[in-house]
Amino acid sequence: MTELTRPSPANTRRLVDREVDPLLDLSPTTVLSDEALPTLRAAGRMPLPAAEGRAAEVIRQVLEVPGPKDAPDVGIIVYSPPDMAAPVGCIFHIHGGGYVVGAAAPQEPLHRIWAAKLDCVVVTVDYRLAPETRAPGNVEDCYAALAWTFANAEQLNIDPARVGVMGESAGGGLAAALALLARDRGEYPLAFQHLIYPMLDDRTVTRPDPHPIAGEFIWTPHNNHYGWSALLGVEPGSDGVSPYAAPARAEDLSGLPPTFIATGALDLFLEEDMEYARRLLRAGVATELHVYPGGPHGFDFHPTAEVSVQARKDSLTALGRFLRAKG
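I will try to describe carefully the structure that is included in this document.

### Here's the deal with the packing of helix 4 (residues 108-118) against helix 10 (residues 306-324)
Helix-helix packing is described using two parameters, namely the angle between the two axes and the distance between the axes. Direction vectors running N to C along helix 4 and helix 10 enclose 55°, while the axes themselves pass 11 Å from each other. As judged from the angle between their axes, helix 4 and helix 10 are oblique. Two packed elements cross with a definite hand, and for helix 4 against helix 10 that hand is right-handed. Taken together, the residues of helix 10 that come into contact with helix 4 (itself represented by W114, K117 and L118) are L316, L319, G320 and L323. Residues of the contact of helix 4 with helix 10, tallied by class, amount to five nonpolar, one polar and one charged.

Right, dumping it as structure tokens:
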């Protein structure tokens, strides 16, 4: 079989939404490696808009909660809207970063906006990163923080029937893994899973017919291979990978909560996200799927591009529906 030749970035950049295109210069593709990790972890992310108005009044608590058995405590940040009356819904948010970088704190402006606009509590978790911690350490950290959230729902003024998980990229993959784990353990029923270009399938980088266009920018096949290798401790695509590490490996998707999935048409995760949505629908899970034309990985961070604004609007609208729904 003739090896597929992928087009160069110079050829595929013309497919990027013209308003989003400048984002590629502000966020140039970084090649992940063991040597590069310390620098990447120390670097700041793109600046987010400062919280204003009611979002600036959101109450922020930085806490440490009990971790998994024989593991360290887990850091979380809780954002609560001002002047809460009746119990509200909760977004349990998991940050992205390819399973190897990232932290909860830098997304504070977004967490404040969600808490203020959606009148909900946001709990965000600092799980342990790979390769220092292999799977399932990260999802078990998230599960421990989720358990604490349910146990303290009354004190946090959270309606336990309206708690859902959310994440972007690797955070979306972890949110999907956490939803599977919560379903299978049967302790904490989730109201929704909200997955933004989730990183779901380690096998994407091993397929003989990779997408000929997607994945040229921001998050590349090389970086994807590095992230999965760091998390799993084995080659991506190996036998025996747990669905709690790579949710696309789950054989049964029935019984999962209502789902929102969004991705860009040029994102490396495009096909694995579409396939997960298809399988969820076939399993009887209410699923909403959005694919945004001209969108590379992280396209929704552009502050003014029409497609980015629309993606954020669709996401907030879906979150609002989830948070208002009664279990």
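### Here's the deal with the packing of aromatic side chains
Ring pairs (aromatic) are described by centroid distance and by the angle formed between their planes. Applying the stated rule across the entire model yields five aromatic pairs. Grouped by ring-pair contacts, the aromatic residues Y143, F150 and Y188 constitute a single cluster. For the cation-ring pair, R185 lies above Y143, with the distance from its terminal atom to the ring centre recorded as 4.6 Å.

### Considerations on a nonpolar patch on the surface
There is a patch of nonpolar side chains on the surface, built from M274, L289 and V291 and spanning about 210 Å² of accessible area. The residue V291 is located in strand 8 (residues 287-292) in this model.

### A closer look at the environment of A176
Note that A176 resides in helix 7 (residues 170-185). In this structure A176 comes out as buried when scored by relative accessible area, which is 0%. With residues near it in sequence (within four places) discarded, A176 still touches Q193, L195, L200, P247 and Y276.

### Things to note about the packing of helix 5 (residues 137-151) against helix 7
At a closest axis distance of 10 Å, the pairing of helix 5 and helix 7 adopts a crossing angle of 65°. Seen from above, helix 5 lies across helix 7 with right-handed handedness. Across the interface between the two elements, N138, V139, E140, C142, Y143 and L146 from helix 5 touch L174, A177, L178, L181, A182 and R185 from helix 7. Classifying every residue of the contact of helix 5 with helix 7 by side-chain character gives nine nonpolar, one polar and two charged.

### Concerning the side chain of D201
Summarising the element assignment, D201 is placed in the loop between strand 6 (193-196) and helix 8 (221-232). At 3.3 Å, the side chain of D201 and the side chain of R207 are in polar contact. The residues contacting D201, other than those within four sequence positions of it, are R207, W228, A248 and E272.

### Here we look at the pairing of strand 7 (residues 259-264)
For strand 7, a buried count of six out of six residues is recorded, marking the element as mostly surrounded by other parts of the structure. Of the two faces of strand 7, the one lined by T259, I261 and T263 and the one lined by F260, A262 and G264 are each fully buried. Of the pairings in the sheet, the one linking strand 6 to strand 7 comprises four bridges and is parallel in character. The residue bridging I196 from the neighbouring strand is A262, located in strand 7.

Criteria and cut-off values
Residues numbered from 1 in each chain as written. Predicted model: local features only at pLDDT ≥ 70, side-chain atom pairs only at ≥ 80, totals over all residues. Heavy atoms only, no water. Axes fitted to C-alpha atoms, helices over the stretch in contact; angles between N-to-C directions. Helix = DSSP H or I, 4+ residues; strand = E, 2+ residues; numbered from the N terminus. Parallel < 35°, antiparallel > 145°, perpendicular 65-115°, else oblique. Left-handed = near helix turned anticlockwise from the far one by under 90°. Contact = heavy atoms within 4.5 Å. Nonpolar A, V, L, I, M, F, W, Y, C, P; charged D, E, K, R; others polar. Phe/Tyr/Trp six-rings, centres within 6.5 Å; stacked < 30°, edge-to-face > 60°. Lys NZ or Arg CZ within 6 Å of the ring centre and 35° of its normal. Patch = residues over 30% accessible without salt bridge, like charges linked within 9 Å, V, L, I, M, F, W, Y side chains within 5 Å. Areas by Shrake-Rupley, 256 points an atom, 1.4 Å probe, with all protein chains shown as cover. Salt bridge = Lys/Arg side-chain N within 4 Å of Asp/Glu carboxyl O. Buried < 20%, exposed > 50% of the residue type's maximum accessible area, 1.4 Å probe, protein only. Polar contact = N/O pair within 3.5 Å; in protein donor to acceptor, adjacent residues only side chain to side chain. Pairing = 2+ DSSP bridges.

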